[in-house]
Amino acid sequence: MRFLRPDLAYDKHGARGGLTTVIPLDRWRGSVVQSDLGPKVIFAFSPRYLLSAFTDLPYFRFDVARAVEQSRYPELRLTPRVGILRPTLSQVVDFLSGLRRNHIHASSDIEGYPDDRGITMLSICPDPTSGIVIPFWIGGDHYWSASEELIVWQYLSAYYADASCTKTFHNGFYESFVLAWKHRCLICGWTDDTMLKFWELYPELEKNLGVVNSFCTLEPYYKDDRESNNLTTKLEYNFKDSAVTDEANRALESTLAAVPASYAHYRFNIRIAPAISYLNLRGCRLDLDRLADHHRRETQELNDLQQRLDDSLLSAAISADVVTRKRKSDPFHFNVKSVDQKRWLLYTHLGYKPHGRWGPVTDEETLLRYYVKDRNPAIRLVIQAVRKRTRLQDITKLVPNSDGRIRTSLDLVGTNTGRLSSRESMAMRPSDSGDGRWENTGTNLQNVTKDLRDCFVPDTDVYDFWQFDLRGADAWTVGADLAALGHPTMLEDMLAGIKPAKVLMALLAEYESGRDPKAINAMDRAMLKRHLDTIAIPDSSQRDNAGRPGDWKYDVCKKVQHGTNYDAKPGTIAALVFADSDGLVDLTDREASIYQSLYKLRYKPDERNNWIRRQLGLHGRLTAACGISRKFFAIRNPSDIDDDIVRQASAFEPQANTTYCTNAALANLWYDPQNRAKSGWLHCDPLLQVHDALAGQNHSAARSWAHGKLRGYFDTKLVIHGIDVLIPADGGWGRNWHDTKQKLLA
């Protein structure tokens, strides 16, 4: 316990700090409370803990600064908050009517889920000190009579739909989904969001309301009150959520406004939030018959693999006493999910020597390594069965709702690069277990494999399914960075329609033939394009003498380009190629380094990575052309930046810019009045967003018009270090998400 002055006790070791109870610091850190001994106490992580969790240092630094500030006066100065917790119907009506009549900005928060009960209570606060809680279901009973609740929802629906009453949320995507999905209430006037605003300042930190509260207000940690059995405590909890959100929004506004580029990006995210909410709600029709065909086929193939495994290994495994079963009546099988059985196979039955560093591991890469070594068919069967099981799990996650549409939950700030993340939908359905529980539907649709995309179809046969994406995507930022550093070759190649990966193939061909690769670099671009046209890339369905797919070398070149841009080491690239090729392409580290050396010979990517290292040493942060600024909190020594941090930083701006351009296309589509029917429906209707691509549907009769519009929506110019960059986009259409290769003339 260290005392900065007698009226403030600063807890540096995570001890009780004068309190009579021990509290979890991961939640309570940053809270200032009055101790039982009199002095104020602020809770913070122990410096000893930070030695092994350096990325938590920003929390510690903030808490130290708060301790210094609090040491200037002895009393605890909490914001007084008084809310109406158990309102009458007239109080609700008067409160909501007053907000609308006077066009008052307010913050709002809901409690509940999109299940059979829906919202249990919600709160609205026009300022950090006052507000109202509107309960619906507390203590196991309805708060209102049926007629009263109808009136309450009428007033609430009118309030949320009133754009003149601007609103702040913390993760308004949840509020907008639940209110629309369960209660048919639409939100208009969503002008601020503390989750998005906090992320803009601190992309690497957690962004839940508990953390935001600890940075922006002096309200002691209260989030555990949500689980309280005391009804008043629960109501106060809901009230505090809105009040704290309002106070945090005011505090963040002045801080973020001082960083104009970041503030502009935040306002951009707020602008596209309704479009993201639409994607979350809209979903995409799923062809259940085709999905069932996939499941039947994969199940049969897994059963066949299991039979072959049992024929090959089961007798020996039973003799070794490594096979188990849940019930005595169950048949014996070799279980590819069992670490013990796979360990027996590799290190006892086949006699391989465990890795000196990692020991007798059984992960997929290890299985592949041993398979490549001797081509043992039993190992191959295990690998295939493991992948087939994973495949079936992916299929079973494609759970639609009762309307036959599958949904996901997109998060604008789900990563520290600004790239959208995707997870299971907020939509729920009753659990198949029949125990009364409800479960989420949908899944991360950004990970849906290409062959399963044929299950994603337009609403009816009169619609085309389209996808448009950015060509070259992340490489354009890398090329512009290098051009600004005096190395314009990559950018000029791409502007001329020359793919760096194919240039690498040409360089490699010169090297492998014993000629000087520098001859390729001496060509002007017209000559280089003619030369590249002579290099044929075989189809992936073909196989060479080693069993590798026909396009394996070009695929390696693309991975080398991407990895080398981001400072990946040869071993990392070789391992990625090996895993992605199912062990068919097994580069040595030396071979991977040759690819990288040839790539570096032309494009000089190390110059960019060295510049990034210098920038991190000087400033500790990078700012992307789209406005996102990222502070790298894991930097321990500015004069000796860890290689892993440089690799993260190398990928940051390309991913941020690519995502921004894709989001800008969505915004252009969303706000284009020509894309709206009188009914409000969209002619170019977005259904899915995946990294650098948008997918959706349009009426077949409007195909030419729609594709012209879609190309224009992606027309977003970036200024990267003073260089104008327009990342080109291309797309096509077809009968489903997998079949979008048909093209129209540009």
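About the criteria used
Residues numbered from 1 in each chain as written. Predicted model: local features only at pLDDT ≥ 70, side-chain atom pairs only at ≥ 80, totals over all residues. Heavy atoms only, no water. Helix = DSSP H or I, 4+ residues; strand = E, 2+ residues; numbered from the N terminus. Buried < 20%, exposed > 50% of the residue type's maximum accessible area, 1.4 Å probe, protein only. Contact = heavy atoms within 4.5 Å. Areas by Shrake-Rupley, 256 points an atom, 1.4 Å probe, with all protein chains shown as cover. Axes fitted to C-alpha atoms, helices over the stretch in contact; angles between N-to-C directions. Parallel < 35°, antiparallel > 145°, perpendicular 65-115°, else oblique. Left-handed = near helix turned anticlockwise from the far one by under 90°. Nonpolar A, V, L, I, M, F, W, Y, C, P; charged D, E, K, R; others polar. Pairing = 2+ DSSP bridges. 1 Å grid on protein atoms, 1.4 Å probe; cavity = no way out; pocket = protein on both sides within 12 Å on 5 of 7 lines; lining within 4 Å. Points joined across faces, edges and corners; volume = space filled by probe spheres on them. Core = buried A, V, L, I, M, F, W, Y, C linked by side-chain atoms within 4.5 Å. Salt bridge = Lys/Arg side-chain N within 4 Å of Asp/Glu carboxyl O. Expected span 1.5 Å × (residues − 1). Bend = angle between axes of the 7 residues up to and from the residue. Polar contact = N/O pair within 3.5 Å; in protein donor to acceptor, adjacent residues only side chain to side chain. Phe/Tyr/Trp six-rings, centres within 6.5 Å; stacked < 30°, edge-to-face > 60°. Lys NZ or Arg CZ within 6 Å of the ring centre and 35° of its normal. pLDDT = per-residue confidence, 0-100.

**Comments concerning the overall build of the protein chain**
So, point 1. Looking only at helices and strands, one finds 25 helices and 27 strands in the protein chain.
So, point 2. Oriented by its inertia axes, the alpha-carbon framework of the protein chain measures out at about 85 × 70 × 65 Å.
So, point 3. When the 746 residues of the protein chain are sorted by exposure, 53% land in the buried category.
So, point 4. Across the protein chain, contacts joining residues at least 24 apart in sequence account for 67% of those joining residues at least 6 apart.
So, point 5. Of the roughly 33,700 Å² that the protein chain leaves accessible, carbon and sulfur atoms contribute 51%.

**Here's the deal with the packing of helix H20 (residues 552–565) against helix H22 (residues 589–603)**
So, point 1. Running from amino to carboxyl end, H20 crosses H22 at an angle of 65 degrees, the nearest separation of the two axes being 10 Å. By the angle between their directions, the pair H20 and H22 is classed as roughly perpendicular. Here H20 runs over H22; the crossing is right-handed. In contact with Trp552, Lys553, Val556, Cys557, Val560, Gln561, Thr564 and Asn565 of H20, H22 contributes Tyr595, Gln596, Tyr599 and Lys600.
So, point 2. Residue composition of the contact of H20 with H22, grouped by class: 6 nonpolar, 4 polar and 2 charged.

**Things to note about the sheet that holds strand E14 (residues 405–406)**
So, point 1. Spatially, 3 strands are ordered E14-E13-E19 in an open sheet, and the strand pairing comes out antiparallel. Two strands close off the open sheet at either side, each with one partner strand: E14 and strand E19 (456–457).
So, point 2. Of the pairings in the sheet, the one linking strand E13 (residues 284–286) to E14 comprises 2 bridges and is antiparallel in character. Bridge pairing links Cys284 to Ile406 in E14.

**Quick notes on the environment of Trp611**
So, point 1. With respect to the helices, strands and loops of the structure, Trp611 is situated in helix H23 (residues 605–619).
So, point 2. Residue classification places Trp611 among the buried residues on the basis of a relative accessible area of 18%.
So, point 3. A C-alpha to C-alpha distance of 57 Å links Trp611 and Ser97, two positions 514 residues apart in sequence.
So, point 4. Those residues in contact with Trp611 that sit more than four places away from it in its chain are Leu485 and His721.

**Points about the layout of surface pockets**
So, point 1. Put simply, the largest pocket is a space of about 2,100 Å³.
So, point 2. As for the largest pocket, its lining consists of 45 residues, of which Lys450, Asp469, Leu470, Lys558 and Asp692 are closest to the centre.
So, point 3. Going through the elements one at a time, strand E20 (463–470), helix H15 (474–484), helix H17 (500–512), H20, strand E23 (685–690), strand E24 (693–699) and strand E27 (729–734) are the ones with two or more residues in the lining of the largest pocket.
So, point 4. Here the lining of the largest pocket takes 7 residues from H20, the largest share from any one element.
So, point 5. Counted by class, the lining of the largest pocket contains 17 nonpolar, 13 polar and 15 charged residues.
So, point 6. In this structure, the second largest pocket spans a volume of roughly 890 Å³.
So, point 7. As for the second largest pocket, its lining consists of 38 residues, and the residues nearest its centre are His170, Asn171, Asn208, Leu209 and Lys223.
So, point 8. Of all elements in the fold, only helix H1 (25–28), strand E6 (106–112), helix H6 (172–183), helix H8 (209–216), helix H9 (231–257), strand E15 (408–411) and strand E16 (421–424) reach the threshold of two or more residues within the lining of the second largest pocket.
So, point 9. Grouping the constituent residues of the lining of the second largest pocket by class yields 14 nonpolar, 9 polar and 15 charged.

**A look at the nonpolar core**
So, point 1. Within the largest apolar cluster, 150 residues are counted, with the highest numbers of intra-cluster contacts made by Leu122, Ile124 and Leu156.
So, point 2. In terms of residue count, helix H24 (residues 643–671) provides more of this core than any other element does, 14 residues in total.
So, point 3. Not counting residues within four places of it along the chain, the set of residues in contact with Leu122 comprises Asp109, Ile110, Ile132, Val133, Ile134, Phe136, Trp153, Leu156, Tyr160 and Asn238.
So, point 4. If you look at the next biggest cluster of nonpolar residues, it comprises 28 residues, including Leu309, Trp344, Ile379 and Phe578.

**Looking at the pattern of salt bridges**
So, point 1. Enumeration according to the criterion identifies 55 salt bridges in this entry.
So, point 2. Arg525 serves as the salt-bridge partner of Asp493, at 2.8 Å between the closest nitrogen and oxygen. Here Asp493 is found in helix H16 (residues 489–495), whereas its partner Arg525 is found in helix H19 (residues 525–533), with 32 residues between them in sequence.
So, point 3. Relative accessible area serves as the criterion here: at 26%, Arg525 is assigned to the partly exposed category.

**Structural notes on the sheet that holds E27**
So, point 1. The strand order across the open sheet formed by 4 strands is E23-E24-E20-E27, and the pairing between neighbours is antiparallel. Since the sheet does not close on itself, it has two edges, and those belong to E23 and E27, each with one partner. Between one strand axis and the next, the sheet turns through 20 degrees on average, direction left out of account.
So, point 2. Note that E20 and E27 share 6 bridges and pair antiparallel. Residue pairing for E27: Phe465 is matched across the bridge by Gly734.
So, point 3. Where helix H10 (residues 260–282) meets the sheet, its contacts fall on E23 and E24, and the angle it forms with E23 comes to roughly 95 degrees.

**Section: helix H11 (residues 288–319)**
So, point 1. The terminal C-alpha atoms of H11 lie 44 Å apart, and with 32 residues this matches the ideal 46 Å at 1.5 Å per residue to within 8%.
So, point 2. At Leu313, H11 is bent by approximately 55 degrees, the largest bend along its length.
So, point 3. Among the residues of H11, Leu291, His294, Glu298, Leu302, Leu305, Gln306, Leu309, Asp310, Leu313, Leu314 and Ala317 are the ones counted as buried.
So, point 4. Elements that come into contact with the buried residues of H11 comprise E13, helix H12 (339–349) and helix H14 (377–396).
So, point 5. With a side-chain oxygen lying 3.2 Å from the backbone nitrogen of Asp289, the N-terminal cap of H11 falls on Asp287.
So, point 6. Positive phi appears at Asp321, one or two residues downstream of H11, with a value of about 60 degrees.

**Focus on the packing of aromatic side chains**
So, point 1. Applying the stated criterion across every chain yields a total of 27 aromatic pairs.
So, point 2. Seen from their ring centres, Phe45 and Tyr49 are 5.0 Å apart, and the 45 degrees between their planes marks the pair as tilted.
So, point 3. On the accessibility criterion, Phe45 (9% relative accessible area) is buried.
So, point 4. The exposure class of Tyr49 is partly exposed, given its relative accessible area of 35%.
So, point 5. When the ring of Trp466 is compared with that of Phe468, the centres are 6.4 Å apart and the planes differ by 70 degrees; the resulting orientation is edge-to-face.
So, point 6. Accessibility expressed as a relative area gives 0% for Trp466, which makes it buried.
So, point 7. Among the aromatic side chains, those forming a connected cluster through ring pairs are Phe45, Tyr49, Tyr59, Phe62, Phe198, Tyr202 and Phe215.
So, point 8. Over the aromatic face of Phe578 sits the side chain of Arg369, whose NZ or CZ is 4.0 Å from the ring centroid.
So, point 9. The residue whose ring lies beneath Arg703 is Trp733, and the NZ or CZ to ring-centre distance is 3.5 Å.

**A few points about helix H21 (residues 570–580)**
So, point 1. Along H21, the positions that sit buried rather than exposed are Ile573, Ala574, Ala575, Val577 and Phe578.
So, point 2. Following H21 by one or two positions, Asp582 has its phi on the positive side, about 65 degrees.

**Things to note about the side chain of Thr443**
So, point 1. Within the secondary structure, Thr443 is located in the loop between strand E18 (438–440) and E19.
So, point 2. Other than its neighbours up to four places away in sequence, Thr443 contacts Lys397, Leu398, Arg407, Thr408, Ser422, Arg423, Glu424 and Ser425.

**Thoughts on the environment of Asp715**
So, point 1. Positionally, Asp715 belongs in the loop between helix H25 (703–713) and strand E25 (717–720).
So, point 2. For Asp715, a relative accessible area of 52% gives the class exposed.
So, point 3. Along the sequence, Asp715 and His294 sit 421 residues apart, while their C-alpha atoms lie 38 Å from each other.

**Structural notes on the confidence of the model for the protein chain**
So, point 1. Across the protein chain, the average pLDDT comes to 93, with 97% of residues at 70 or higher.
So, point 2. Counting interchain partners and residues more than four positions distant, the pLDDT-below-50 stretch residues 1–20 has 69 contacts.

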